[in-house]
Amino acid sequence: MKLSFLSGAMALSLAGVLMSGLVFAKDSQTDKPEHSSAKLLKQTSTEEILKNAPQDAWQMIPQSKLVYITLGDGKQIIFELADEFAPAHAQRIRTLAKQNFWDNASVYRVQDNYVAQFGWFDFANDKDGKELPDNAKDKLPVEISRPVNQVKFVALPDIDPYADKTGFVGNFATSVKDGQAFALHCYGAIGVSRDMGADSGTTADLYAVIGQPARHLDRQIVVVGKVLQGIEHLSSLKRGDGVMGFYTDPAKDGTVIKHIRTGDMFPSNEQVDFEVLRSDSSTFMQLIEARRHRTNEWFVAPLPTHIDPCYLSPQMKVHKKDESNS
């Protein structure tokens, strides 16, 4: 039986992410930084830190690493591919996008506080709604995790109840367990829908996390990206009236996808450029420590200094190019 996600008897997938972090020294008794550092950071706002960031603290995401989902009404969702964790799946998405595979597909499932699922799956008839092209039929490897020594993992000192360590790989919130690094199922993560077999995902159907992090799915499903812009266009859709948020009448309630393209398929004046704060910059370290020690007078109770990577919003500069000639 072809099922896209695992929930009860069904297979479910979500996906994960944010910016890379820096290695922090951990005190033997506590995860707090030294008092003098904390005192200094209490006087520095996020805005001040970012304003003073040098240009080399930022890096541009290549257009070949960006995927643009354009809905029928013209609204757009842009996500970054997780080549760091799932290179074969990311390349398969590029292959399908270049062949216009998702033209006129749909968002056919929206489950409250969980996922929005899209592609070609025919839930009513329990079958794939569109055959893969010949150059995209090979079974993909299981890319749920990678040995930590094969990625540039930057650890945070915080305790992760689901893993041994937590931190970042590239732009993606990451944890490590038993020597394996894996992207987290944070809000905005993009995952590959699959059947019961771990290697049954084809990328024909994907999903976005539109609710709180679903950490119980870590290491269960391939995380292939994270949304950088436009997640609200999925999270605000009408919730499905069927089991697990599937639409019982997708032709009536589903949302049409005009097309899905990689950024390098667009003319330059239709591309959106994203500069992200580098995880190996001192600016990023300052930002994280400032988040640990919020001192705004609005707060009336002491705040914990624990940092959850899923809680860290990506710091980006977004450059929408001039479309006057389009």
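Predicted model, so just to flag it, every value in this text is computed and none were measured. (Residues numbered from 1 in each chain as written. Predicted model: local features only at pLDDT ≥ 70, side-chain atom pairs only at ≥ 80, totals over all residues. Heavy atoms only, no water.)

### With respect to helix α3 (residues 87-98)
Taking 1.5 Å per residue as the helical rise, α3 with its 12 residues ought to reach 16 Å, and the 17 Å between its terminal C-alpha atoms agrees with that figure. Turning to α3, its buried residues are H89, A90, R92, I93, R94, T95, L96 and A97. Looking at the buried residues of α3, the elements they touch are β4 (66-71), β5 (76-81), β13 (189-192), β14 (206-209), β15 (223-229) and β16 (255-262). Immediately beyond the C-terminal end of α3, within one or two residues, lies N100, with a positive phi of roughly 60°. (Helix = DSSP H or I, 4+ residues; strand = E, 2+ residues; numbered from the N terminus. Expected span 1.5 Å × (residues − 1). Buried < 20%, exposed > 50% of the residue type's maximum accessible area, 1.4 Å probe, protein only. Contact = heavy atoms within 4.5 Å.)

### Thoughts on the pairing of β15
Within β15, 6 of the 7 residues are buried, which leaves the element mostly enclosed by the surrounding structure. As judged from the 4 bridges shared by β5 and β15, these two strands associate in the antiparallel manner. For E80, the partnering residue across the bridge sits in β15 and is K226. Pairing of β13 with β15, which is carried by 3 bridges, proceeds in the antiparallel orientation. Bridge pairing links A189 to K226 in β15. (Pairing = 2+ DSSP bridges.)

### What to know about the sheet that holds strand β8 (residues 146-147)
Overall, antiparallel pairing links the 5 strands, which are arranged β8-β12-β11-β10-β9 in an open sheet. Whereas interior strands pair on both sides, the edge strands pair on one side only; in this sheet they are β8 and β9 (153-156). Examined bridge by bridge, β9 and strand β10 (residues 165-169) share 4 bridges and lie antiparallel to one another. Looking at the pairing, L156 lines up with T166 of β10.

### Here's the deal with the pairing of strand β11 (residues 172-177)
Burial within β11 is extensive, with 5 of its 6 residues counted as buried. Note that β10 and β11 share 5 bridges and pair antiparallel. Each residue of the ladder has a partner; that of K165, found in β11, is V176. A loop of 2 residues connects β10 with β11, the two strands running antiparallel in sequence, and G170 in this loop sits at a positive phi of about 55°. Two elements, β11 and strand β12 (residues 180-183), share 4 bridges in a ladder whose sense is antiparallel. Counterpart to S175 in the pairing with β12 is F182.

### Brief notes about the confidence of the model for the chain
Model confidence for the chain is summarised by a mean pLDDT of 85, while 85% of its residues fall at 70 or above. For residues 1-43, every residue scores under 50 in pLDDT, and the model assigns this stretch 165 contacts once sequence neighbours within four places are set aside. (pLDDT = per-residue confidence, 0-100.)

### Structural notes on a nonpolar patch on the surface
Together, W298, F299 and L303 give the surface a local cluster of nonpolar side chains, amounting to about 340 Å² of exposed area. Accessibility expressed as a relative area gives 32% for F299, which makes it partly exposed. (Patch = residues over 30% accessible without salt bridge, like charges linked within 9 Å, V, L, I, M, F, W, Y side chains within 5 Å. Areas by Shrake-Rupley, 256 points an atom, 1.4 Å probe, with all protein chains shown as cover. Salt bridge = Lys/Arg side-chain N within 4 Å of Asp/Glu carboxyl O.)

### Here we look at helix α6 (residues 282-292)
Within α6, 8 of the 11 residues are buried, leaving the element largely enclosed by the surrounding structure. Of all the positions in α6, only T283, F284, L287, I288, E289, A290, R291 and R292 are classed as buried.

### Topic: the packing of aromatic side chains
Applying the stated criterion across every chain, the model contains 6 aromatic pairs. Geometrically, the ring pair formed by Y108 and F121 is tilted, given 6.4 Å between the ring centres and 55° between the ring planes. You can see Y108 sitting in strand β6 (residues 105-111) and its partner F121 sitting in the loop between β7 (115-119) and β8, a full 13 residues away along the chain. Each of the two residues, Y108 as well as F121, counts as buried. With centroids separated by 5.9 Å and ring planes inclined at 90°, the aromatic side chains of F168 and F284 adopt a geometry described as edge-to-face. Placement of the pair is F168 in strand β10 and F284 in helix α6, with a sequence separation of 116 residues. Through successive ring pairs, a cluster of aromatic residues spans Y108, F121 and F246. For the cation-ring pair, K130 lies above F101, with the distance from its terminal atom to the ring centre recorded as 5.0 Å. Positioned above the aromatic ring of F172, the side-chain terminus of K226 is 5.7 Å from the ring centre. (Phe/Tyr/Trp six-rings, centres within 6.5 Å; stacked < 30°, edge-to-face > 60°. Lys NZ or Arg CZ within 6 Å of the ring centre and 35° of its normal.)

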